[in-house]
Amino acid sequence: MAKSSQFGDPFCHPSHTADTTLSCLATIAALTSPDNLPEYFKACKGDHLNGVNAPFWWNWPLTEPYIVFGPEALHHFHKMFWDHDLHLSPAIISSKRVYLPLRSPSGRDHRNIQCYIIGVIAGAVPWECLIAMHTLNEFRYRTSFPF
């Protein structure tokens, strides 16, 4: 797999496949327990992994995360939150102070609002709306981790 210092060189590096990731995780788990977070994260960093010891896609047949969850898909997931999910709840719309002061929000602003929106709307929206928002956000968080 290519490291960032190798981007742009003429050599065609192998893809970071699901098998490669799962193999690296198995090797790391054999050497270090995931319960020992500092050591486990340190071991994962050496293989350019983020420390998730059981990726949610591990048992999806024929799935390659680098194809399915590429940068374009991730961009659309987060953009979908801002364009659609944020307007799903009447309480969010009535709480204009939550997000409307942002004239030209950046991607970082979108992400920050995604992080706190569930706590802001809890108790002010029907529980079905809260569960839907939470589930969509959980999906985005799980797909945002680098593989």
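Residues numbered from 1 in each chain as written. Predicted model: local features only at pLDDT ≥ 70, side-chain atom pairs only at ≥ 80, totals over all residues. Heavy atoms only, no water.

A few points about the overall build of the chain
Item 1. If you tally the helices and strands in the chain, you get 7 helices and 0 strands.
Item 2. Sequence-ordered secondary structure for the chain, helices as α and strands as β, is α-α-α-α-α-α-α.
Item 3. Going through the 147 residues of the chain one by one, you find that 28% of them count as buried.
Item 4. Nonlocal contacts in the chain, meaning residues at least 24 apart in sequence, comprise 56% of its contacts between residues at least 6 apart.
Item 5. Surface exposure of the chain reaches about 9,700 Å², of which carbon and sulfur atoms provide 62%. (Helix = DSSP H or I, 4+ residues; strand = E, 2+ residues; numbered from the N terminus. Buried < 20%, exposed > 50% of the residue type's maximum accessible area, 1.4 Å probe, protein only. Contact = heavy atoms within 4.5 Å. Areas by Shrake-Rupley, 256 points an atom, 1.4 Å probe, with all protein chains shown as cover.)

Regarding helix α6 (residues 107–121)
At 3.6 residues per turn, the α-helix brings residues three or four places apart onto the same side.
Item 1. With 15 residues, α6 extends 21 Å between its outermost C-alpha atoms, agreeing within 8% with the 21 Å of an ideal straight helix rising 1.5 Å per residue.
Item 2. At C115, α6 is bent by approximately 40°, the largest bend along its length. (Expected span 1.5 Å × (residues − 1). Bend = angle between axes of the 7 residues up to and from the residue.)

Description of the nonpolar core
Item 1. Grouped together as the largest cluster of nonpolar side chains are 10 residues: F81, W82, L86, I113, I117, I118, I121, V125, C129 and M133.
Item 2. Only α4 (71–83), α6 and α7 (127–144) provide two or more residues apiece to this core.
Item 3. Looking at this core, the element that brings in the most residues is α6, giving 4 residues.
Item 4. With 6 residues, the next largest nonpolar core counts L25, I28, Y40 and L49 among its residues. (Core = buried A, V, L, I, M, F, W, Y, C linked by side-chain atoms within 4.5 Å.)

Structural notes on the confidence of the model for the chain
Low-pLDDT stretches of the model should not have their predicted coordinates read in fine detail.
Item 1. With 76% of its residues at a pLDDT of 70 or more, the chain shows a mean pLDDT of 76.
Item 2. When pLDDT is averaged over each element of the chain, helix α1 (residues 18–31) comes out on top at 90 and helix α5 (residues 90–94) at the bottom at 58. (pLDDT = per-residue confidence, 0-100.)

Things to note about the environment of S15
Item 1. Considering the arrangement of structural elements, one finds S15 in the segment before α1.
Item 2. Classification of S15 as partly exposed rests on a relative accessible area of 34%.
Item 3. Sequence spacing of S15 and E64 is 49 residues, and the spatial spacing of their C-alpha atoms is 9.7 Å.

A short note on the packing of aromatic side chains
Item 1. Tallied over the full model, the rule gives 1 aromatic pair.
Item 2. Relative to W60, the ring of F56 lies with its centre 5.3 Å away and its plane at 80°, an arrangement referred to as edge-to-face.
Item 3. The exposure class assigned to F56 is partly exposed, which follows from its relative accessible area of 22%.
Item 4. For W60, a relative accessible area of 35% translates into the label partly exposed. (Phe/Tyr/Trp six-rings, centres within 6.5 Å; stacked < 30°, edge-to-face > 60°.)

A look at the environment of G107
Item 1. Relative to the elements of secondary structure, G107 occurs in helix α6.
Item 2. Between the alpha carbons of G107 and K79 there is a distance of 8.4 Å; along the sequence they are 28 residues apart.

Concerning the environment of L130
Item 1. Residue position: L130 is located in helix α7.
Item 2. Separated by 13 residues in the primary sequence, L130 and I117 place their C-alpha atoms 9.7 Å from one another.
Item 3. If we skip the residues at most four places from it in the chain, L130 touches I118, I121, A122 and V125.

Quick notes on a nonpolar patch on the surface
Item 1. Side chains of Y66, I67 and V68 sit close together on the surface and give an oily, nonpolar patch of about 280 Å² of accessible area.
Item 2. With respect to the helices and strands, V68 occurs in helix α3 (residues 65–68). (Patch = residues over 30% accessible without salt bridge, like charges linked within 9 Å, V, L, I, M, F, W, Y side chains within 5 Å. Salt bridge = Lys/Arg side-chain N within 4 Å of Asp/Glu carboxyl O.)

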